[in-house]
Every structure is written in structure tokens, then in C-alpha cells.
Amino acid sequence: MIRYGFIHTKEDIKFLVLFAMDLLPFPVTFETVVDLITWCDDGFGYFELSEAFYEMIPTGHIDESIENGAKLYAITDKGREHEEITCDAIAYPVMQRALTAVQRFNNQMQRKGLIETNVRKEESGDFIAELCLRDDAGILMRLELSAPTLSQARGLTRAYEKQADSIYQQMMTLLLGGSGEKHADV
């Protein structure tokens, strides 16, 4: 099968893996590496990536660890040194696609860390959707909504996870008098 793209050799794949992993702030699973890298170029596929990736563990370019039963991988100092030397060998369009993918992933992980949701069942039988939004300083908003069914409570948490920042902004606008109406002091 003819593959079109900039990356054709195992070394090229290794250079791309090291480039992408150097941008990650924490260890990730191999599946995450696959998701970030395979779409960057049509010159290689999953099996070529897998072979190149796992060859870098015994050479000391990538470190493997186990956390909560999951294998996680991170670039080592040796891998970083090698990446600094070889990053110029990656074709510019491929490098830009990898950079975009890693930045998108990092933003998603950062956002995921700032939004907390949980569902608990009350003694009455209702379900409570617990919704929380944080920033670096602490909690910005904590909200509890009652729902009659588990599926509705889960729906509330999913909707909140998608638009927590917008909900927070709208609540602040409404609570701080964004409607323009004058209210009497109570």
C-alpha cells in the first residue's frame, strides 16, 4: 500500500513522538499518544507508530510507569536532549499538526481539572447533581441541582461540563445586576 505524507521511516516517527511528548506536562497512556500523533501525517499508521514507540523504552528515551493499574509514558531527559537535536528533521506541516493536537489535549486536561461534577442520591429518592467550577485560587462556583431521576442528574452534569464557564458568566451577570433593573435594598 502506498502511503502519502512526509514521514516514512521509523526514525521520523520517533522524532515526531519525542516532539509531541516533550510538549506534554505529565505522563500519558499509549492510546493518548496514538490519538495525538497518528492523524498528523499519512505516511505511517498505528503499527509503525507502535513499533517505533516501544523501541524507545529500552533505549531510555521514554519512561514507562504504572499508576492505578494503567501504563503511563513520559519523555526522559535523554529523550528531551534527542528531541532538541532532531526536531528540525520533522516537516513543518507535521510539526504544526502535532503542536495543535497537543495544545488541544493540554487545554482539555486543564479544563477537566477545573470542572468537578458528581451525582449523589438523597434519602428522599431524588438525585443531586453537584457542580463545581474552580480556578487557580480556589472555588468560583458550587451549585447543587435536584433531579427526579439518575439520568436527568447525569444529563445536568454532562451539560455543565460542556459549558461551565458560560453558565458561570451568565450567573454573575444576572446576580450583579446585568439586567439593568434597579432593585430596592432588602
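For the structure, check the block above.
Just so it is clear, the structure is predicted and the values come from calculations on it, not from any experiment. (Residues numbered from 1 in each chain as written. Predicted model: local features only at pLDDT ≥ 70, side-chain atom pairs only at ≥ 80, totals over all residues. Heavy atoms only, no water.)

Draft legend 1. The pairing of strand S4 (residues 127-135), seen in detail. Strand direction decides the pairing type here: strand S3 (residues 115-121) and S4, joined by 7 bridges, are antiparallel. In the strand pairing of S4, Val119 is matched with Ala129. Bridge count for S4 against strand S5 (residues 138-147) is 9 bridges, and the pairing is antiparallel. Bridge pairing in S5 places Leu133 opposite Met141. Connecting S4 to the antiparallel partner S5 that follows it, the hairpin turn spans 2 residues. (Pairing = 2+ DSSP bridges. Helix = DSSP H or I, 4+ residues; strand = E, 2+ residues; numbered from the N terminus.)

Draft legend 2. Expanded view of the pattern of salt bridges. In this structure the tally under the stated criterion is 8 salt bridges. Between Lys10 and Glu55 there is a salt bridge, with the nearest N and O atoms lying 2.7 Å from each other. Highlighted residues: Lys10 in helix H1 (residues 10-22) and Glu55 in helix H3 (residues 46-55), separated in sequence by 45 residues. We note a salt bridge from Asp22 to Arg80, for which the minimum N-O separation is 3.0 Å. Here the residue Asp22 occupies a position in helix H1, and Arg80 occupies one in helix H4 (residues 77-86), the gap between them amounting to 58 residues. Relative accessible area serves as the criterion here: at 27%, Asp22 is assigned to the partly exposed category. Since its relative accessible area comes to 30%, Arg80 is described here as partly exposed. A cluster of three or more residues bridged by salt bridges with shared partners is formed by Lys10, Lys14, Glu51 and Glu55. (Salt bridge = Lys/Arg side-chain N within 4 Å of Asp/Glu carboxyl O. Buried < 20%, exposed > 50% of the residue type's maximum accessible area, 1.4 Å probe, protein only.)

Function cannot be read off these values alone, since they describe shape.
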